[in-house]
Amino acid sequence: MHSRPNTFKDRLERDLNSWKAHIYLIYISIVFSLVSFIVLYPLYGAENNISLIYESTLSGFLFFICGILMYTSLKYFFPSKDNFIKTVGILLSICAIHLYVVLNCYEYIYKASFDYQNKHEILLRFSINTIGFTVVLLCNTLQNYKREALESIERKEHSEKVLYEAELYNLRQQLQPHFLFNSLNSIVALIDLDPQQAIKMAQSLSDFLRGTIRNNEKQLSSFQDELEQMQRYLEIERFRFSDRLDLNFQLNYNQEDTLLVPSMISQPLLENAIKHGVFQSIGRTEVTIQVSLVKGYLIIKISNPIPSSQGNITAPKGVGFGLKSLSRRLFLIYGRTDLLEIARVENMYVATLKIPQNHESINS
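It should be emphasised that the depicted structure is a prediction, and the values quoted were computed from it without experimental measurement.

## Examining the overall build of the protein chain
- Along the backbone of the protein chain there are nine helices and seven strands.
- Looking at the protein chain residue by residue over its 364 residues, the buried ones come to 39%.
- As presented, the protein chain carries roughly 21,100 Å² of accessible surface, and 60% of it is formed by carbon and sulfur atoms.

## Brief notes about the confidence of the model for the protein chain
- In the predicted model, the protein chain carries a mean pLDDT of 76, and the fraction of residues at 70 or more is 76%.
- Low pLDDT, under 50, characterises residues 1-6; the predicted model gives this stretch eleven contacts beyond four residues in sequence or across chains.

## A few points about helix α8 (residues 267-278)
- With twelve residues, α8 ought to run about 16 Å at 1.5 Å a step, and its terminal C-alpha atoms sit 15 Å apart, in line with that.
- Counting buried residues along α8, eleven of its twelve residues qualify, which places the element largely inside the surrounding structure.
- Where α8 is concerned, the buried positions are Q267, P268, L269, L270, E271, N272, A273, I274, H276, G277 and V278.

## Points about the nonpolar core
- F223, L269, I289, L298, I302, L330 and L353 are the most contacted members of the largest nonpolar core, which has 41 residues in total.
- Breaking this core down by element, the ones donating at least two residues are α5 (119-193), α6 (195-216), α7 (223-241), α8, β4 (285-294), β5 (297-305), α9 (321-334) and β7 (348-356).
- Ranked by residues supplied to this core, first place goes to α7 with eight residues.
- The contact partners of L353, leaving out residues within four places of it in the chain, are I265, S266, L269, L298, I299, I300, L326, L330, L339 and L340.
- Counting residues in each nonpolar core, the second largest holds 15 residues, with F64, C66, L91 and C95 among its members.

## As for the pairing of strand β6 (residues 340-345)
- Here β6 pairs with β7 via six bridges, running antiparallel. Across the sheet, the residue bridging to R344 is Y349, located in β7.
- Counting the residues between successive antiparallel strands, the hairpin from β6 to β7 contains two residues, one of them, E346, with a positive phi of roughly 55°.

## Regarding the sheet that holds β5
- If you walk across this open sheet you meet the five strands as β2-β4-β5-β7-β6, and the pairing is mixed. For this open sheet the edge positions go to β2 (245-252) and β6, each flanked by a neighbour on one side alone. Averaged over all pairs of adjacent strands, the angle between their axes in this sheet comes to 15°, without regard to strand direction.
- Docked against the sheet, α7 engages β2, β4 and β5, running at close to 165° with respect to β2.
- Strands in contact with α8 are β2, β4, β5, β6 and β7; relative to β5, the strand with the most contacts, it is inclined by about 15°.

## Concerning a nonpolar patch on the surface
- Taken together, the side chains of I23, Y24, I26, Y27, I30, L34 and I38 define a hydrophobic patch exposed on the protein surface, amounting to about 750 Å² of accessible area.
- Looking at where Y27 falls in the secondary structure, it is placed in helix α1 (residues 8-44).
- The class of Y27 is exposed, set by a relative accessible area of 52%.

## Thoughts on α7
- An ideal rise of 1.5 Å per residue puts 27 Å on 19 residues; α7 measures up with 26 Å between its terminal C-alpha atoms.
- Among the residues making up α7, those that are buried are F223, E226, L227, Q229, M230, Y233, L234, I236, E237, F239 and F241.
- One or two steps after α7, the chain reaches S242, where phi turns positive at roughly 55°.

## Regarding the packing of aromatic side chains
- Inspection of the entire model under this criterion finds four aromatic pairs.
- Measuring from centroid to centroid gives 4.3 Å for F32 and F63, while their planes differ by 20°, and the two rings are stacked. Residue F32 is found in helix α1, and its partner F63 is found in helix α2 (residues 49-73); the two are separated by 31 residues along the sequence.
- Overall, F32 belongs to the buried group, its relative accessible area being 4%.
- An angle of 25° between the planes, with centres 4.4 Å apart, marks the rings of F63 and F133 as stacked.

## Some details on the packing of α7 against α8
- Where α7 contacts α8, the two axes come as close as 10 Å, and the packing angle between them is 25°. What the angle tells us is that α7 and α8 run roughly parallel. Seen along the crossing, α7 lies across α8 with a hand that is right-handed. Within the contact between the two elements, α7 uses E226, M230, Y233, L234, E237 and F241 and α8 uses Q267, L270, E271, I274 and V278.
- Counted by class, the contact of α7 with α8 contains seven nonpolar, one polar and three charged residues.

## Comments concerning the side chain of T288
- Examined against the element boundaries, T288 turns out to sit in strand β4.
- For T288, a relative accessible area of 7% corresponds to the buried category.
- Not counting residues within four places of it along the chain, the set of residues in contact with T288 comprises N248, Q250, K301, I302 and S303.

## Quick look at the environment of I300
- Looking at the element boundaries, I300 is found in strand β5.
- Residues I300 and Q290, spaced ten residues apart in sequence, show a C-alpha to C-alpha distance of 5.8 Å.

## Remarks on the pattern of salt bridges
- Under the criterion given, the structure shown has four salt bridges.
- Of the charged contacts in the structure, one is a salt bridge between R125 and E55, with a shortest N-O distance of 2.3 Å. Highlighted residues: R125 in helix α5 and E55 in helix α2, separated in sequence by 70 residues.
- For R125, a relative accessible area of 5% puts it in the buried group.

Procedures and definitions
- The written sequence of each chain sets the order in which its residues are numbered from 1.
- Confidence filtering applies because this is a predicted model: local features only for residues at pLDDT of at least 70, side-chain atom pairs given and counted only at 80 or more, and all residues used for totals across whole chains, interfaces and linings.
- Hydrogens and water are ignored here; the side-chain numbers use all heavy atoms of the structure.
- In DSSP terms, a helix is any run of H or I states spanning at least four residues, a strand is any run of E spanning at least two, and both are numbered starting from the N terminus.
- Residue exposure (1.4 Å probe, protein chains only): buried if accessible area is under 20% of the type maximum, exposed if over 50%, otherwise partly exposed.
- What sets the accessible areas is the Shrake-Rupley method with a 1.4 Å probe; for residues, cover comes only from the shown protein chains.
- Each residue gets a pLDDT score, which is the predictor's confidence in that residue and runs from 0 to 100.
- Every residue pair with non-hydrogen atoms within 4.5 Å of one another is taken to be in contact.
- Helix span is expected to be 1.5 Å times the residue number reduced by one.
- We define a nonpolar core as any set of buried Ala, Val, Leu, Ile, Met, Phe, Trp, Tyr and Cys residues linked to one another through side-chain atoms lying within 4.5 Å.
- The rule for pairing is simple: two strands pair if DSSP sees at least two bridges between them.
- For helices, the axis comes from a line fit to the C-alpha atoms of the stretch in contact; other axes are also lines fit to C-alpha atoms, and the angle between any two N-to-C directions lies between 0 and 180 degrees.
- Patch rule: a residue counts if its relative accessible area is over 30% and it has no salt bridge; like charges are joined within 9 Å, and nonpolar side chains (Val, Leu, Ile, Met, Phe, Trp, Tyr) within 5 Å.
- We define a salt bridge as a contact between a side-chain nitrogen of Lys or Arg and a carboxyl oxygen of Asp or Glu at a distance within 4 Å.
- Between rings of Phe, Tyr and Trp, where Trp is taken as its six-membered ring, a pair exists when centres lie within 6.5 Å; planes separated by under 30 degrees are stacked, by over 60 edge-to-face, and by other angles tilted.
- What sets the label is the angle itself: under 35 degrees gives roughly parallel, over 145 gives roughly antiparallel, 65 to 115 gives roughly perpendicular, and the rest give oblique.
- For any helix crossing, the convention is left-handed if the near helix is rotated counterclockwise from the far helix by under a right angle, and right-handed if that rotation is clockwise.
- Three classes are used, and their members are as follows: Ala, Val, Leu, Ile, Met, Phe, Trp, Tyr, Cys and Pro are nonpolar, Asp, Glu, Lys and Arg are charged, and the others, Gly among them, are polar.

Following this line, the structure appears as structure tokens:
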């Protein structure tokens with residue numbers, strides 16, 4: 001069944017759809033009354049016009065009541081090959097009930113008893129009923145199939161959303177242990193060499209993990225929060241690499257703008273820059289973080305120099321899971337595969353993220 005919570009909006013929508021069905025049934029009942037009057041008029045003549053109007057009106061009212069009964073009966077299953085006999089049974093039963101009530105009211109309307117020997121008239125009346133209630137059955141069936149189709153689409157969308165949110169969460173979690181283990185190993189190494197630095201690094205790691213847990217609850221977070229997490233992460237890496245790591249932040253956007261990015265989206269790129277830039281270099285290495293807002297995209301560029309030991313290698317070694325996971329996250333959120341670019345520019349590796357700020361493009 002439908003997995004969405006039974007909200008007030010859902011109940012209101014169902015109530016409105018129910019009222020729409022009743023309004024349609026009123027229209028059909030009016031048409032049924034007119035058809036009954038037109039078909040039976042030749043049998044009763046002009047002298048019984050008033051009585052025939054009364055009967056047609058009563059017949060239309062009873063048709064509406066029986067239509068509601070049919071609507072309620074068929075609400076819980078769809079007419080199909082498997083329950084065709086049951087559907088026909090309900091239809092004929094309601095036709096018979098309607099005809100029986102109308103004929104029992106006949107003597108009060110016409111001040112005369114109905115001639116049950118007139119099989120032609122009974123068959124004519126029953127045929128009118130059958131056609132009318134068949135129209136109601138078809139309308140009801142179409143409405144049920146439409147409702148089921150919409151609910152099926154909603155269930156599919158909800159299921160897909162749950163699946164890709166679970167995949168996003170899994171991708172984020174897979175990126176954490178590698179960094180955490182390295183940081184803990186660095187803290188252990190600093191305990192004997194520089195206890196104060198080990199304490200500061202542990203505090204920074206605590207702040208970083210606290211921010212990570214908070215952001216993991218949200219698919220998107222403000223770029224200001226992301227920037228603070230980047231700075232916490234880089235502060236921890238500075239403890240690891242001491243004076244070998246230089247940072248160059250170039251921020252070119254209005255910091256008062258509300259900019260949204262996927263939580264922790266930049267960490268894999270920073271890890272990659274440090275792993276393949278700082279870690280493989282002997283001297284000081286500068287990692288540059290450039291941020292700008294261009295034509296509705298937040299552009300984040302993270303660049304690091306190519307170590308001389310890598311020579312003419314066009315892509316950094318070991319680039320795999322982290323960047324693939326990042327690309328997958330971007331695709332799941334935005335439905336696009338062109339938002340991450342890794343390139344070699346002269347003697348630099350440059351990773352570029354393009355985060356759309358047109359939030360209608362987000363797969364929510």
